Amino acid sequence: MNLLEQIFTNGYATSEVEVADGKIKAEVKNLTAEEQVSIENEISDLQGKSSAYVLHQYSLKILEKTLLKFNGKLFKSEEDCKATLGALPTAVVDMLIKEQNRLEKKIAKEIN
């Protein structure tokens, strides 16, 4: 099923990601408008923090809402996902956010 069909059928689209010669496998979904607004509201509370801190928090919050599965672990909640993300190396988190962004761009391209 293509991305738009997934959105119209399920309310969201997913993408499976495999990197590092298959050592990292994940599944991400697109961000809903409500989730985006929620994240932006949380980030607005970070006034006075460094731009690097805000960017990292923004990335983590996106993944907390969009990372469905990581190396076979299916997340039951955002808190469960947050705990896993916090224990990962920054390079892995960066890779995951890039893949999630790639999914968003694919969806936008299909819509246009």
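Just above, that's the structure.
Below: a short report on this structure. Note that the structure is predicted; figures quoted are calculated from it, not measured. Starting afresh in each chain, residues are numbered from 1 along the sequence in its written order. This being a predicted model, a pLDDT of at least 70 is required before a residue's local features are given, and a value of 80 or more before pairs of side-chain atoms are given or counted; all residues contribute to the totals for chains, interfaces and linings. The basis for the side-chain values is all heavy atoms of the structure; hydrogens and waters are excluded.

Okay, the nonpolar core next. Residues enter a nonpolar core if they are buried and are Ala, Val, Leu, Ile, Met, Phe, Trp, Tyr or Cys, with the set joined through side-chain atoms within 4.5 Å. For every residue, the accessible area (1.4 Å probe, protein chains only) is compared with the maximum for its type, and the residue is labelled buried under 20%, exposed over 50%, or partly exposed between those bounds. Of all hydrophobic cores here, the largest spans 25 residues; its most connected members are L67, F70, L85, L88, V92 and L96. Secondary structure elements follow DSSP: runs of H or I of four or more residues count as helices, runs of E of two or more count as strands, with numbering from the N terminus. Mapped onto this core, the elements with two or more residues apiece are β2 (24–29), α2 (33–44), α3 (51–66), β3 (67–70), α4 (78–87) and α5 (90–111). Tallying contributions element by element places α5 first for this core, with seven residues. By definition, residues are in contact when any of their heavy atoms lie within 4.5 Å. Once you skip the residues sitting within four places of it in the chain, L88 turns out to touch F70, V93 and L96.

Along the chain, K29 falls in strand β2. Beyond its immediate chain neighbours, meaning those up to four positions away, K29 contacts Y12, A13, T14, E35, K65, T66, L68, Q100, L103 and E104.

Here we take up the environment of K105. Residue placement: K105 occurs in helix α5. Along the chain, K105 and L55 lie 50 residues apart, while their C-alpha atoms are 19 Å from each other.

Any Phe, Tyr or Trp ring, taking Trp's six-membered ring, that has another such ring centre within 6.5 Å forms a pair; planes under 30 degrees apart are called stacked, those over 60 apart edge-to-face, and the others tilted. Tallying each qualifying case throughout the model produces zero aromatic pairs. By definition, being over a ring means that NZ of Lys or CZ of Arg is both within 6 Å of the ring centre and within 35 degrees of the ring normal. The lysine or arginine in question, K49, covers the ring of Y53, its NZ or CZ lying 5.7 Å from the ring centre.

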